Amino acid sequence: MTTSTKGTGKIPAVLVLEDGRTFRGRAYGAVGETFGEAVFSTGMTGYQETLTDPSYHRQVVVMTSPHVGNTGVNDEDPESARIWVSGYVVRDPARVPSNWRSRRSLDEELRHQGVVGICGIDTRALTRHLRERGAMRVGIFSGNALPDEGTMLAEVRQQPEMQGADLSAQVATKEPYVVPAIGEKKFTVAAVDLGIKGMTPHRMAERGIEVHVLPATATAEDVYAVNPDGVFFSNGPGDPATADHPVAVMREVLSRKTPLFGICFGNQILGRALGFGTYKLKYGHRGINQPVQDRTTGKVEITAHNHGFAVDAPLDKVSDTPFGRAEVSHVCLNDNVVEGLQLLDQPAFSVQYHPEAAAGPHDAAYLFDRFVSLMEGQRA
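Residues numbered from 1 in each chain as written. Predicted model: local features only at pLDDT ≥ 70, side-chain atom pairs only at ≥ 80, totals over all residues. Heavy atoms only, no water.

Under an unreviewed UniProt entry, the name given to the protein chain is Carbamoyl phosphate synthase small chain, and the source organism is Streptomyces noursei. Quoted straight from UniProt, the Sequence similarities (unreviewed entry) entry for the protein chain says "Belongs to the CarA family." Listed in UniProt under the heading Subunit (unreviewed entry), the comment for the protein chain reads: "Composed of two chains; the small (or glutamine) chain promotes the hydrolysis of glutamine to ammonia, which is used by the large (or ammonia) chain to synthesize carbamoyl phosphate. Tetramer of heterodimers (alpha,beta)4." (UniProt positions renumbered as here; feature names shortened; annotations may be inferred.)

### A look at the UniProt feature "domain: Carbamoyl-phosphate synthase small subunit N-terminal" (unreviewed entry) in the protein chain
What UniProt calls "domain: Carbamoyl-phosphate synthase small subunit N-terminal" (unreviewed entry) maps, in this numbering, to residues 11–141. Counted over residues 11–141, helix gives 18% and strand 36%. Its end C-alpha atoms are 11 Å apart. (Helix = DSSP H or I, 4+ residues; strand = E, 2+ residues; numbered from the N terminus.)

### Re helix α4 (residues 149–157)
All buried positions along α4 are accounted for by Met152, Leu153 and Val156. The arc that holds the buried residues of α4, viewed along the axis, is 100°, so those residues lie on one side. Those residues of α4 that are buried are in contact with β2 (12–17), β4 (31–41) and β10 (136–142). N-cap assignment for α4: the residue whose side-chain oxygen lies 3.0 Å from the backbone N of Gly150 is Asp148. (Buried < 20%, exposed > 50% of the residue type's maximum accessible area, 1.4 Å probe, protein only. Arc of directions from axis to C-beta. Contact = heavy atoms within 4.5 Å. Polar contact = N/O pair within 3.5 Å; in protein donor to acceptor, adjacent residues only side chain to side chain.)

### Examining the packing of aromatic side chains
By the definition in use, this model includes 6 aromatic pairs. Ring geometry for Phe232 and Phe261: centres 5.5 Å apart, planes at 70°, overall edge-to-face. Note that Phe232 is positioned in strand β14 (residues 230–233) and Phe261 in strand β15 (residues 260–263), a separation of 29 residues in sequence. An identical accessibility class is assigned to Phe232 and Phe261; each is buried. (Phe/Tyr/Trp six-rings, centres within 6.5 Å; stacked < 30°, edge-to-face > 60°.)

### Describing empty space enclosed by the protein
Scanning the model with the defined rule gives 2 cavities of 30 Å³ or more in all. Its volume calculated, the largest cavity comes out at about 180 Å³. Together, 19 residues line the largest cavity, and Thr50, Lys197, Gly287, Ile288 and Ala358 are the ones closest to its centre. With 3 residues, strand β17 (residues 300–312) is the largest single contributor of residues to the lining of the largest cavity. Considering only residue class, the lining of the largest cavity consists of 6 nonpolar, 10 polar and 3 charged. Here the second largest cavity is characterised by a volume of approximately 150 Å³. For the second largest cavity, the lining is made up of 19 residues, of which Gly236, Gly238, Asn306, His307 and Gly308 are closest to its centre. If you list the elements that add at least two residues to the lining of the second largest cavity, you get α9 (265–274) and β17. (1 Å grid on protein atoms, 1.4 Å probe; cavity = no way out; pocket = protein on both sides within 12 Å on 5 of 7 lines; lining within 4 Å. Points joined across faces, edges and corners; volume = space filled by probe spheres on them. Nonpolar A, V, L, I, M, F, W, Y, C, P; charged D, E, K, R; others polar.)

### Topic: the pairing of strand β20 (residues 338–343)
Here β20 lies mainly inside the structure; 6 of its 6 residues are buried. The sheet contact formed by strand β19 (residues 324–332) and β20 spans 5 bridges and is antiparallel. Paired with Val328 across the bridge in β20 is Leu341. The antiparallel pairing of β19 with β20 creates a hairpin that spans 5 residues between the two strands, and Asn336 there sits at a positive phi of about 65°. Pairing between β20 and strand β21 (residues 348–351): 3 bridges, direction antiparallel. In the strand pairing of β21, Gln342 is matched with Phe349. The hairpin turn running from β20 into β21, its antiparallel successor, is 4 residues long. (Pairing = 2+ DSSP bridges.)

### Details of helix α8 (residues 244–255)
Taking 1.5 Å of rise per residue, the 12 residues of α8 would be expected to cover 16 Å, and the 17 Å separating its terminal C-alpha atoms lies within 8% of that figure. Residues of α8 that are buried include every one of Pro246, Val247, Val249, Met250, Val253 and Leu254, and no others. Along the long axis of α8, the arc covered by the buried residues comes to 165°, so they all point the same way. Residues of α8 that are buried sit in contact with α7 (220–225), β14, β15, α9, β20 and β21. (Expected span 1.5 Å × (residues − 1).)

### Brief notes about the environment of Arg103
Its place among the elements puts Arg103 in the loop between β8 (92–93) and α2 (106–112). As for Arg103 and Asn74, which are separated by 29 residues in sequence, their C-alpha atoms are 5.2 Å apart. The contact partners of Arg103, leaving out residues within four places of it in the chain, are Val73, Asn74 and Asp75. A polar contact of 3.1 Å, which involves the side chain of Arg103, links it to the backbone oxygen of Arg101.

Below is the structure:
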């Protein structure tokens, strides 16, 4: 990715998909070129959280909400220390942000962090195209000396695909750190960082959990060195089929019957650890308005998602696994994709979405309480 952080103004920009579809607009954010997997997010708020979610590493995010940037950028809402998206696509950026917490405009923040974007294109047409053809490689090119479309298309097609990408170690912490419990400490949790968002350990800390966040390369010995009451596997980017190391660590956790909770990538890791396969969705689930049913209660939740892969597990039966019986606990009501797993003979479960859900919705926050209950039960 090559960029310039000078003001963009009315600099021309072009978005080129790997199937040859082209959209012309104006530069938004940094000027230059960038590549990634084109995906769309249906959230109408929370763009700061989306941009700073490590699960979006190497993806170019198309916002379906037509007007983006209204509230500017603040210093409280980022989910990590930097923007992770490879590129950003909006239809109508806010000219002037308006919010009491705003410190700068979204355009300024994108320029400051070197994120190449494009605006002024028909994002509805682009989204419909991705729904019909599927997520695919894309490039954004901006500047006054744009290459010809044939050259741009060739560059896009030279980029690696998301299938087969091993990315979690690229976004995870390099050194362990601790998020202390808020108030009285009740439990200790080892959290394997595969691309964790900042709000996740905070939600656990609110429940009296001291969270030891460990690198993606952490071994089972590293996990148990903190003497955990429970183990957590986070969200993260890439293809779960490549995640042999975290799968091996999770199998060790399961063999010791330690209470376990996984979200997103962690759900896919649990699926693999139990012997299920994973597969790439056509265009994935990304946004904060996805309906999911908790099959253990019958309750329907509106949930926050960011995943392009899913677990291939049977919806209509209990499965025998090396660690006891398992079943699908949550399912997406839009397309019947597996959204959660649970073991019936030991304390382990996972979901495919984000129960920490900054900037919302908060329907699934109870899952952290469920994790606490598993640790209480194990202690008793």
